[in-house]
Amino acid sequence: MFCNKNNITKEIIEYGKLCGIKNYTPGYSGNISARYKEGMLITTSGSANGYLKNEHIVYTDFDGNSLEKGKKPSSEKFLHIGIYKKRPDINYIIHVHAPYLSTFASAGKDLMSSIMAENVFYFGGIPLAEYALPSSMELVENTAKFFDEYDAVLMENHGFIVGSKTIEDAYLKLELAESYAQVVLNTQILGGPKLLTSEQAQAILNLRK
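Remember, predicted model here, so these are calculated numbers, not experimental data.

Caption draft 1: Representation of the overall build of the protein in the model. Summing up its helical and strand segments, the protein has seven helices and seven strands in all. When the helices and strands of the protein are read in sequence order from the N terminus, they spell out α-β-β-β-α-β-α-α-β-α-β-β-α-α. Relative to the globule expectation of 17 Å for 209 residues, the C-alpha radius of gyration of the protein, 17 Å, shows essentially globular dimensions. Along the three orthogonal principal directions, the C-alpha set of the protein runs to about 55 × 35 × 30 Å.

Shown next, in the form of structure tokens:
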């Protein structure tokens, strides 16, 4: 993606602040990136998504090297790189520790069941990647493989990651997923969710065509 670097930086800052306002990325948690030239723009190590400034965005190649002196990319850089390499159609990635999504991730539970029509349509399902040490290559392997079929993944005992062609779409899918996780959790108060039948779920998926 060869858009203007300043424009992409502004997008990352804008949507990082939105994530902060919604409490999807508390404190120093999470990171955001955008495909750029032969690499990516990604938030720097130790930055806070909700309080980003221009200096918190660094141009990094796909070997994980910073191309800007004095700036260190997020420790999760290889997770983003792994997804970009697997999915040429993905230009933006948002990784956060949103509370409800992180609750499911920390309980070791996926969001694959067909419960709400919108989530079936936009996600198909949200699988759970097996735990691995944050920033490790094992985490990359455990998580990126799901992007063969899905656009969003829960990471066990960690958080949530979503990728899309535009940052707006990635963010809106984050909003949708977090709300969905809250609804699914709330249904437990009423005895658990009422699942859609396989026929009903397939009919929703057919609407994508």
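This is not the end of the story, as more comes after the structure.
Caption draft 2: Summary view of the packing of helix α2 (residues 77–86) against helix α5 (residues 137–144). Between α2 and α5, the shortest axis-to-axis distance is 9 Å and the interhelical angle comes to 35 degrees. Where α2 crosses over α5, the two elements pack in a sense that is right-handed. For the pair formed by α2 and α5, the contact residues are F78, L79, G82, I83 and K86 on the first element and M137, L139, V140, T143 and A144 on the second. In the contact of α2 with α5, the residues fall into seven nonpolar, two polar and one charged.

Caption draft 3: Representation of the pattern of salt bridges within the structure. All told, the structure shown has eight salt bridges when counted by the stated rule. The salt bridge partner of D89 is R87, with a shortest N-O separation of 2.8 Å. D151 is paired through a salt bridge with R87; the nearest N and O atoms lie 2.8 Å apart. Within this pair, whereas D151 is found in the loop between α5 and β6 (152–155), its partner R87 is found in the loop between α2 and β4 (92–96), the two being separated by 64 residues in sequence. Each of R87, D89, D151, D169 and K173 takes part in a single network of salt bridges with overlapping partners.

Caption draft 4: Representation of the sheet that holds strand β1 (residues 31–36). Pairing in this open sheet of seven strands is mixed, and the strands run β3-β2-β1-β4-β7-β6-β5 from one edge to the other. Two strands bound the open sheet, and with one partner strand each, they are β3 (57–61) and β5 (128–129). Looking at chain direction, β6 and strand β7 (residues 159–164) are connected through four bridges and run antiparallel. Each residue of the ladder has a partner; that of L154, found in β7, is F160. Helix-sheet contacts for helix α3 (residues 99–106) involve β5, β6 and β7, and the interaxial angle to β6 is about 60 degrees.

Caption draft 5: Spatial organisation of the pairing of β4. In terms of burial, β4 is largely enclosed, as five of its five residues are buried. Of the two faces of β4, the one lined by Y92, I94 and V96 and the one lined by I93 and H95 are each fully buried. Inspection of the sheet shows β4 paired to β7 by five bridges, in the antiparallel sense. Bridging from a neighbouring strand, Y92 pairs with S164 of β7.

Caption draft 6: A look at helix α6 (residues 167–187). Along its 21 residues, α6 runs 30 Å from first to last C-alpha, staying within 8% of the 30 Å computed at 1.5 Å per residue. Three or more residues of α6 are buried, namely I167, A170, Y171, K173, L174, A177, E178, Y180, A181, V184 and T187. Those residues of α6 hidden inside the fold are in contact with α1 (5–21), β1, β4, α3, α4 (117–123) and β7.

Caption draft 7: Fine view of the side chain of N119. With respect to the helices and strands, the residue N119 is situated in helix α4. Accessibility expressed as a relative area gives 5% for N119, which makes it buried. Setting aside its immediate chain neighbours within four residues, N119 contacts G124, L176, A177 and Y180.

How each quantity is defined
Residues numbered from 1 in each chain as written. Predicted model: local features only at pLDDT ≥ 70, side-chain atom pairs only at ≥ 80, totals over all residues. Heavy atoms only, no water. Helix = DSSP H or I, 4+ residues; strand = E, 2+ residues; numbered from the N terminus. Rg over C-alpha atoms; globule rule 2.2 N^0.38 Å. Axes fitted to C-alpha atoms, helices over the stretch in contact; angles between N-to-C directions. Left-handed = near helix turned anticlockwise from the far one by under 90°. Contact = heavy atoms within 4.5 Å. Nonpolar A, V, L, I, M, F, W, Y, C, P; charged D, E, K, R; others polar. Salt bridge = Lys/Arg side-chain N within 4 Å of Asp/Glu carboxyl O. Pairing = 2+ DSSP bridges. Buried < 20%, exposed > 50% of the residue type's maximum accessible area, 1.4 Å probe, protein only. Expected span 1.5 Å × (residues − 1).

Purely spatial values, then, with no claim about function.
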